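Structure at a glance
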Amino acid sequence: MGEPLVGYLLLLLLFLLFFSVSLFFAFREWRRPRDASPLPMDVDYIRIENYFGQSFRAKVREWLAEPQPNGVSAGELTNPKHRITPTGENLLLVRGGRIEAGGDTDEIVYSEGDLTIARGSVFRREIYCAGSLDTEAGAQLQSAASDGELALGENSDVARWIDANGKIVIRSGAVVRNRASSLTSIELERAVLVQSLYSPLISTAPCGTSQDGFGGGGDSWPRAHDGAAAADNGRPHYLEGPRCTRLAPGTWLVQGALELPAGTRVEENLIVTGTLTSGPDCGFLGHMKGARINLGPRNHLLGNLSAQDSVLIGEASRLERNITAGRDVRLASGTRVGRPDSPAVVSAAGEIVLEPGVAICGKASAGRWVRTI
Amino acid sequence: MAVAWAVILEAARVVAVLVLVILAAYTYRSLFFALYRLFSPGRMDYTDLAGFHLPFVSVLVPMHNEEAVAEDILEALAQSDYPKDPERMEVIAVDDHSTDATGKILDDYARRYSWVKVLHRQGGKRGKAAALQAGTEAARGEVLVVFDADYVPGRSLLKFLVAPFADPEIGAVMGRVVPHNVGTSLLSRLLDLERAGGYQVVQQARHSLGLIPQYGGTAGGVRRAALDAVGGWDPRSLTEDTDLTLRLVIGGWKIAYVNRAECYEEVPETWEGRRLQIERWALGHTDCLHRHLKPLLRSAYLTPREKLDGVFLLGAYLTAPLIALGWAATAILFFGGQSYLPVWVPFFLASTCFNAIGNFASFFEIGSSALLDGAGRRVRLLPLNVANFVFSTVTVTGALAKYYASRARGRTLAWNKTDRHRNGNGSANGNGDAYSNGRGLNHIKARAAAAGMQRSMRARGMDS
């Protein structure tokens, strides 16, 4: 009887010890709170897609407006002026021109005019160019904002973001590790890696800045779709084979895979638990979801497209609204996403691969990379 | 007598084992969710689509005697960046049998903003589900977003909340709820911790794992076509949110959770308010268990994993009486001389006993959420959540006894409203008592901003 009793007493003591230690800190926090405020949440937050560039520009303008004891202002490039910001950082003021390679630059650079950065230069802080900014091959930048156009040289590497009011050209082999944004357009050459892009027009060479292929929905609707499908007892012809259920009027759930023959016209929202494959010249009026989606060439989709896994879009297809994928998205040559008057998003948790001649009006955002081939 | 005692002991043994098995299952589930959130990347959550998918939204705000808060939520919606185009957004404020100035406040807003419509309900069944049903009949939107009157949606919340509806399989979307009246009482601080665990860990883990995130009835949206397909709101339900969650998933729809769609809410500050709240939740939830368990298990649209998660979800409130039953059974076994512990076991049991009170599993969930939110300091308060835990266990056990008694007598259960702690006739414009008492919209924003500033100073090591 004695031994169990000792055991239970030990148990009680250990319990009380653990409990009282944690309660001590809890009581202290209760009586003398050190963190009794709500979790911070910016109620006024509004998403701005080119926020990095906007906020950096605003900050630099604020710094430039601060008076300096020695009256420093932007000077000749051969004799650049230094300015100390209120946060103690160096701001290098230049009028513009060309910065030759000559080791690393650890200062924030502000250029009043057009600026060219020489081959292989390394800038460890941000650059703000009030004119246009052009980097030659192999430059390494932290971030860059330009009020004019911005061209990133071959094999350049940007650690964070680039933003321009004018057109951005990202040349072969260049890498932007965060966001590239432009108020005008972004042109991507071959073998470019960017984490995300935002612009009224994002295109891969040789598409250039052309807005061809973004015509209105009705005028370019492939003729092959007309009358290609009809309903039978509420169930469209293309759903006669697979096991499917109508979730709501105009929304069908297909359990398993679904293959749509060439020229099929789908007027409903379609949810496919397996792989959805379509032949050439199919048209989709509603929204579409599948575990995996492989669209054939010249497909036209008016609604949104979502896939739990990957999405492959056939060449010269048109998708008027958003694409989301749990893994990768590949857009074949000539694909158009969104419209100039109605921007759209291509979003993938993995990689977005853009073939030549692809154009997106809006945003492309990848968990890993947006990659051009 | 001896035979009866032997039967009692045997029954206690069976009950204790049963309770242990069920609670262990919940424990491992909580642990798994917390560890998953701490160490696994989240699933893509549609946030990239915010602002690019803008369906026609009808915002429904049911209100019963909400003069203290009505103005704040309408003002917050007026400041929303969702396009106020007549074909993009409308707000339907439902004045549900109010006897205070709620109706007048709503009418004033309807005069000021063309996109605000007011429904005055003075007849028919009272309660949130009935009010929502009336609002839904008047709504024209493709997506219905619901807010309780005490909520303060941020300017971009609607865009984040409706983004997942670009996926045609999504029937409902739930945002994250964050208490703003933290620090007004110990209870509000404990509930803040509990909410963080529930959303940052449990809801997000369910979403990422493809399970069943719960549509919470407020700061959430539902697709109109999906709602109609499953029969609309059920006015009989005390927890229309759980009821709808189950009907949607059983009917083949999915539910998404968007952690980024954060919204401030007011949590109960008094234990009596808390009692009424969890009593209603327990009654409604258990009613859902009885109505939806079989259809859930038979649904052709759900995977076995989803079904298991659904069972856990439905049975959540049964854990309280099970714990109480477990306490009783183990006490009987202990005092009945049924302990066969070797001497060295107490050391092992000391830690498990401590954990059994709650410093593990569900508390671990809360601690993990504090880490994920970067709010490590508030977690020191966590052991005091034992009080909340015991209080909930007792209240839910009592509520379920009431539920089964009412069920046996064939009676329906009454709906009760959660108390609001803001006062005065609205406070959005910063005038009046409510503002000076520090409970208005501007005050909430200021507190949130101050908390953010404090956090960033702490991160820079500038905290005194």
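Residues numbered from 1 in each chain as written. Chains lettered and ligands numbered in written order. Predicted model: local features only at pLDDT ≥ 70, side-chain atom pairs only at ≥ 80, totals over all residues.

What follows covers the overall build of chain A. Scanning chain A from terminus to terminus reveals 2 helices and 37 strands. For chain A, buried positions account for 46% of its 373 residues. (Helix = DSSP H or I, 4+ residues; strand = E, 2+ residues; numbered from the N terminus. Buried ≥ 20, exposed ≤ 12 C-beta atoms within 10 Å, placed from the backbone.)

Another aspect to go through is the overall build of chain B. When you go through chain B residue by residue, the secondary structure sums to 16 helices and 8 strands. Relative to its 464 residues, chain B shows a buried fraction of 53%.

Before going further, it helps to examine the domain arrangement of chain A. By a frequent convention, interface size equals the accessible area lost on bringing the separate parts together. Segmenting chain A into domains produces domain 1 (51–184) and domain 2 (223–372). Each of domain 1 of chain A and domain 2 of chain A was reduced to a C-alpha centroid, and the two centroids are 41 Å apart. (Domains from an automatic or database assignment.)

Looking now at the packing of helix α6 (residues 186–208) of chain B against helix α13 (residues 362–372) of chain B. Residue and element names in this part refer to chain B. The interhelical angle for the contact between α6 and α13, taken along N-to-C directions, is 75°, at an axis separation of 8 Å. What the angle tells us is that α6 and α13 run roughly perpendicular. The segment α6 lies against α13, with L193, E194, A196, G197, Q200, V201 and V202 engaging E365, I366, S368, S369, A370 and L372. Broken down by class, the residue content of the contact of α6 with α13 amounts to 7 nonpolar, 4 polar and 2 charged. (Axes fitted to C-alpha atoms, helices over the stretch in contact; angles between N-to-C directions. Parallel < 35°, antiparallel > 145°, perpendicular 65-115°, else oblique. Contact = placed C-beta atoms within 7 Å. Nonpolar A, V, L, I, M, F, W, Y, C, P; charged D, E, K, R; others polar.)

All names here are of chain B. For helix α8 (residues 240–250), the buried fraction is high: 11 of the 11 residues fall into the buried class. Residues of α8 that are buried: E240, D241, T242, D243, L244, T245, L246, R247, L248, V249 and I250. With its phi angle positive at about 100°, G252 sits one or two positions after the end of α8.

What follows is about unusual backbone geometry. Of note, the amide linkage connecting A205 of chain A to P206 of chain A takes the cis form, showing an omega dihedral of 10°. Structurally, P206 of chain A is set in the loop between β18 (193–204) and β19 (231–232). Phi angles above zero are rare outside glycine, and N155 of chain A is one such case at about 55°. You can see N155 of chain A is positioned in the loop between β12 (150–152) and β13 (157–158). The phi dihedral of A219 of chain B is positive, around 55°, even though this residue is not glycine.

I162 and I170 of chain A together with V61, I73 and A93 of chain B are the most contacted members of the largest nonpolar core, which totals 196 residues. The dominant element in this core, judged by the number of residues it contributes, is α6 of chain B, at 8 residues. Within the second largest apolar cluster, 17 residues are counted, among which are A12, A16, W281 and L283 of chain B. (Core = buried A, V, L, I, M, F, W, Y, C linked by C-beta atoms within 7 Å.)

Residue and element names in this part refer to chain B. The mixed open sheet is built from 8 strands, whose spatial order is β3-β2-β1-β4-β7-β6-β8-β5. Either end of the sheet is taken by a strand with one partner, and the two such strands are β3 (116–121) and β5 (152–153). Note: strand β4 (residues 143–146) against strand β7 (residues 220–223), 4 bridges, orientation antiparallel. Bridge pairing in β7 links V146 to G220. Strand contacts of α6: β6 (170–179) and β8 (254–265), with the helix running at about 150° to β6, the strand carrying the most contacts. (Pairing = 2+ DSSP bridges.)

Quick look at the interface of chain B and chain A now. If you look at the interface, chain B gives 60 residues, while chain A gives 55 residues. Looking at the side of chain B that touches chain A, the elements that each hand over two or more residues are β6, α6, α7 (224–229), β8, α12 (345–359) and α16 (441–459) of chain B. Looking at the side of chain B that touches chain A residue by residue, the class counts come to 34 nonpolar, 11 polar and 15 charged.

Residue and element names in this part refer to chain B. For β8, the buried fraction is high: 10 of the 12 residues fall into the buried class. Summarising the sheet, β5 and β8 pair through 2 bridges and their orientation is antiparallel. Bridge pairing in β8 places P153 opposite C263.

So, on to the confidence of the model for chain B. Residues and elements named next belong to chain B. A residue-level look at chain B finds 85% of positions with pLDDT of 70 or above and a mean pLDDT of 85. Across residues 424–438, where pLDDT falls below 50, the model places 41 contacts with residues more than four positions away in sequence or in other chains. Scoring the predicted complex yields pTM 0.88 and, for the interface, ipTM 0.88. (pLDDT = per-residue confidence, 0-100.)

Residue and element names in this part refer to chain B. At their nearest, the axes of helix α1 (residues 2–39) and helix α11 (residues 319–335) sit 8 Å apart, and the two run at 140° to each other. What the angle tells us is that α1 and α11 run oblique. Seen from above, α1 lies across α11 with left-handed handedness. Residues I8, L9, A12, R13, V15, A16, V19, I22, L23 and Y26 of α1 form the contact with α11, whose own contacting residues are T319, L322, I323, L325, G326, A329, T330, I332 and L333. In the contact of α1 with α11, the residues fall into 15 nonpolar, 3 polar and 1 charged. (Left-handed = near helix turned anticlockwise from the far one by under 90°.)

Attention now moves to the pairing of strand β2 (residues 89–96) of chain B. All names here are of chain B. Burial within β2 is extensive, with 8 of its 8 residues counted as buried. Summarising the sheet, strand β1 (residues 57–63) and β2 pair through 7 bridges and their orientation is parallel. If you follow V57 over to β2, its bridge partner there is M89. Handedness of the crossover joining β1 and β2 through helix α2 (residues 70–78) is recorded here as right-handed. In the sheet, β2 pairs with β3 via 6 bridges, with the strands oriented parallel. By the bridge assignment, D96 is partnered in β3 with R121. Since β2 and β3 lie parallel, the crossover through helix α3 (residues 102–112) that links them has a hand, and here it is right-handed. (Right-handed = clockwise from strand over helix to strand, strands pointing away.)

Averaged over all residues, the pLDDT of chain A is 87; the fraction at 70 or higher stands at 87%. Below pLDDT 50 for its whole length, residues 222–230 of chain A participates in 19 contacts with residues either more than four positions away or in separate chains.

Let us look at the environment of V116 of chain B. Residue and element names in this part refer to chain B. Within the secondary structure, V116 sits in strand β3. A tally of 21 C-beta atoms within 10 Å means that V116 is categorised as buried. The spatial distance from the C-alpha of V116 to the C-alpha of V59 is 9.3 Å, given a sequence separation of 57 residues. Setting aside chain neighbours within four positions, we find V116 in contact with L74, V91, A93, Y109 and A110.

Note on placement: S121 of chain A falls in the loop between β6 (115–117) and β7 (122–123). Between the C-alpha atoms of S121 of chain A and L17 of chain A, which are 104 residues apart in sequence, the distance is 62 Å.

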